[in-house]
Structure formats: structure tokens, C-alpha cells
Amino acid sequence: MTTPRLTLPSPAKLNLMLHILGRREDGYHELQTIFQFLDYGDEITFAVRDDGVIQLHTEFDGVPHDSNLIVRAAKKLQEQSGCSLGIDIWIEKILPMGGGIGGGSSNAATTLLGLNHLWQLGWDEDRLAALGLTLGADVPVFVRGHAAFAEGVGEKLTPVDPEEPWYLVLVPQVSVSTAEIFSDPLLTRNSSPIKVRPVPKGNSRNDCLPVVARRYPDVRNALNLLGNFTEAKLTGTGSCVFGGFPSKAEADKVSALLTETLTGFVAKGSNVSMLHRKLQSLL
Ligand SMILES: C[C@](O)(CO)[C@H](O)COP(=O)(O)OP(=O)(O)OC[C@H]1O[C@@H](n2ccc(N)nc2=O)[C@H](O)[C@@H]1O
Ligand SMILES: Nc1ncnc2c1ncn2[C@@H]1O[C@H](COP(=O)(O)OP(=O)(O)OP(=O)(O)O)[C@@H](O)[C@H]1O
């Protein structure tokens, strides 16, 4: 008998704004940011095994098996739940790595939710999000699955419902190291906290943008190109750059102008993650 397989989406996120308020003693930065999901991402397939082994079958360039966030998430959940089952995992990876669209964090969250379901652990979202935070600052929002205003290092989440436009996301062919940007001496770290809810219009800037644009000419070019058509923004610490459009047709029209040297994709913004929509349909 073959083991049944479960395939789950692992969506990307955008940071619609990102303000840096200060630096904590542990070197992490206090942020205010708005996360929204894209209906676009990787697909992860799981098959339970009864020998306790955790095996990711897809190889990643430059990421050893045991460092992969998918494997790290599975191992932590197995350890902390005391589960004796294992898992075979395959991923169809389409999200660029180091793009600021949260691919690794999303993969970790999809793994936590997928295994909680398949191993029948019955963990609630709070517990999964707390474990997720130990894997990365962006993991909790993917665990919760709702667009959010985030504070702290990104873990204090308040659900929000911004507009859901179509986005054109440009993918400059460079990988930006988040740690490198956060340690740049020129980074602005003293934005005033926004106290009004919902966040008033006019706060859409990303404090990382000047540093990233200065260090990465490819990102600068992408911002300039997209800025001819719509407000061009940086997500996270980049490298991806995005802009909203009122319809898919309008986003596609600009996308058609892209060349081989600067690629991109068009995707709908979504306040409920497609992972959660899929999990809901399984219940
Ligand atoms: C910039 C964002 O993408 C916004 O969504 C995230 O906050 C980054 O989240 P992430 O990639 O999950 O980040 P982590 O893997 O936790 O951290 C990578 C590195 O970025 C720096 N880092 C990250 C988040 C944060 N609030 N302050 C930081 O200073 C730290 O040097 C850390 O070592
Ligand atoms: N499953 C995974 N998918 C992607 N990257 C992974 C994964 N596991 C480990 N990594 C490592 O994490 C690094 C960051 O990957 P990720 O795709 O999350 O970056 P990002 O989009 O910039 O994320 P963020 O917006 O959270 O900063 C990669 O360069 C890679 O070395």
C-alpha cells in the first residue's frame, strides 16, 4: 500500500511598509511592518513514514539538508511533540531565495502546519507560532495566515485587511543578506512608532530601501523601472521590488515589458494565506 501524500502551498509575503524603530540588545531590530500574502508560492508535498526519519528529497543549491528551514522545522516539531513518526518531503521551489518575499520562513510554516495535521498533534496556532519564531522572525505570520500589522521583531501581530491589488513583483538576480542590511551603519533605526490604527496613509516607506538601493545597483534599476508605472516598493530587505495595479491586465501589460535580465511575476495580494484556505478545505 502506498502512503497517501499531502501537497500544501507555501505562499510569498510582501512588506507593504517597514519602519525600523530601534535596535535591541541582542542585535535584532524593533520594527513596524505590514505583511500581506501573495497567491503565489512553492508547493510542498508530505508523506508520513513510521520510522521517525525526516527526509527532504529535493536538493537546494547552497543549503545543506540539515540547515534547510523545512528540515529544521520538522525536527523541532518532532522533538518538542515527542512524535515517533517521520516524514518524506518534496518541494517545488519557485520563490527566489534571499528575495525578501519570505520563501524560507513560509516553507517552515507550511511544514509546521502540515506536520501538525499529518502527525495529528493537535497543537494550537499560538504554540506553532512560538516554535516558528525560534526559526525566524517572519515565520509566525505565515503560521497565523492572516495579513498583519507586526511589531517587535515581527512577532507581535495584529490582523489587518489592506486592499488586495494585483502586484507585479520584480526579481533582481541578486540575493540580499538580511543580516548584512540590518548591520549597515547607514541604516535609519529611529523611525517614530505609529500609534494610530489602522496605519494612516503616507506611511508606506521601507527604511531598508536607501541602504539596499545603494549597495545593489540591480535593485536600484528595478525600482527605477517600476517607478515609471506605479509606486515601486522594496519588500523586506529585498531584493524583490513590487508595485500594485488595479487589475491583472494592467500588471501583465507592464510585465510584458520585462527583459531576460530582469524577470518578475504577477500575483494577487491576499489577506488570507492560500495555505490556510487549503487547510480549511481539508477539514
Ligand atoms: C526584514 C524582514 O524580512 C521583514 O519581514 C524580516 O524581519 C526578516 O525576517 P527573517 O528573514 O525571518 O529574519 P531572521 O532569519 O530572523 O534574521 C536574519 C538576520 O536579520 C537581522 N534581523 C532580522 C529581523 C529583525 N527584526 N531584526 C534584525 O536585526 C538579524 O541580524 C538576523 O540575524
Ligand atoms: N526552505 C528554504 N527556502 C529558502 N531558503 C532557505 C530555506 N532553508 C534555508 N534557507 C536559507 O535561508 C536564506 C533566506 O531565504 P529566504 O528565501 O527566506 O529569504 P528572504 O525571502 O529574503 O526571506 P525574508 O523576507 O524572511 O528575509 C536562503 O538564502 C537560504 O540560505
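Owing to the predicted nature of the structure, the values given are computational and were not obtained by experimental measurement. (Residues numbered from 1 in each chain as written. Chains lettered and ligands numbered in written order. Predicted model: local features only at pLDDT ≥ 70, side-chain atom pairs only at ≥ 80, totals over all residues. Heavy atoms only, no water.)

1. So, the state of the cysteines
Using the criterion set out here, one finds zero disulfides in the structure. C208 forms no disulfide, and the closest cysteine sulfur to it belongs to C240, at a distance of 14 Å. (Disulfide = S-S within 2.5 Å.)

2. Some remarks on the layout of surface pockets
Its volume calculated, the largest pocket comes out at about 1100 Å³. Contributing to the lining of the largest pocket are 44 residues, with S105, A137, D138, T178 and T237 lying nearest its centre. Looking at the lining of the largest pocket, the elements that each hand over two or more residues are strand 1 (5–23), strand 2 (29–49), helix 1 (69–81), helix 2 (103–118) and helix 5 (178–182). Shared between two domains, the lining of the largest pocket holds at least three residues of each, these being domain 1 (5–160) and domain 2 (166–270). Of the residues that constitute the lining of the second largest pocket, the class distribution is 11 nonpolar, six polar and five charged. When we break the lining of the second largest pocket down by domain, the ones giving at least three residues each are domain 1 (5–160) and domain 2 (166–270). (1 Å grid on protein atoms, 1.4 Å probe; cavity = no way out; pocket = protein on both sides within 12 Å on 5 of 7 lines; lining within 4 Å. Points joined across faces, edges and corners; volume = space filled by probe spheres on them. Helix = DSSP H or I, 4+ residues; strand = E, 2+ residues; numbered from the N terminus. Domains from an automatic or database assignment. Nonpolar A, V, L, I, M, F, W, Y, C, P; charged D, E, K, R; others polar.)

3. Quick look at the confidence of the model for the chain
Model confidence for the chain is summarised by a mean pLDDT of 95, while 99% of its residues fall at 70 or above. Here the predicted complex carries an ipTM of 0.93, next to a pTM of 0.95. (pLDDT = per-residue confidence, 0-100.)

4. Some words on the nonpolar core
L77, L112 and V143 are the most contacted members of the largest nonpolar core, which totals 37 residues. If you look at the next biggest cluster of nonpolar residues, it comprises 26 residues, including I20, L187, V212 and L234. (Core = buried A, V, L, I, M, F, W, Y, C linked by side-chain atoms within 4.5 Å. Buried < 20%, exposed > 50% of the residue type's maximum accessible area, 1.4 Å probe, protein only.)

5. Some remarks on the site of ligand 1
Near ligand 1 you find 17 residues, and of these N15, Y28, H29, A137 and D138 are the closest. Between ligand 1 and H29 there is a distance of 2.8 Å, counted from an oxygen atom to a side-chain nitrogen or oxygen. Within the complex, 80% of the 640 Å² of free accessible area of ligand 1 lies under protein. Using a 2 Å cut-off from the grid points, one finds that ligand 1 occupies the largest pocket. Those elements that place two or more of their residues in the shell around ligand 1 are strand 1, strand 2 and helix 5. Here the residues of the shell around ligand 1 are counted per class, giving eight nonpolar, seven polar and two charged. Two domains each put at least three residues into the shell around ligand 1: domain 1 (5–160) and domain 2 (166–270). (Near = heavy atom within 4 Å. Polar contact = N/O pair within 3.5 Å; in protein donor to acceptor, adjacent residues only side chain to side chain. Areas by Shrake-Rupley, 256 points an atom, 1.4 Å probe, with all protein chains shown as cover. Sits in = over half its atoms within 2 Å of the grid points.)

6. A look at the pairing of strand 6 (residues 156–159)
Here strand 5 (residues 148–151) runs beside strand 6; their pairing, made up of four bridges, is antiparallel. From the neighbouring strand, E151 faces strand 6, where its bridge partner is K156. Between strand 5 and strand 6, which pair antiparallel and follow one another directly, the connecting turn spans four residues, one of which, G152, has a positive phi of 70 degrees. (Pairing = 2+ DSSP bridges.)

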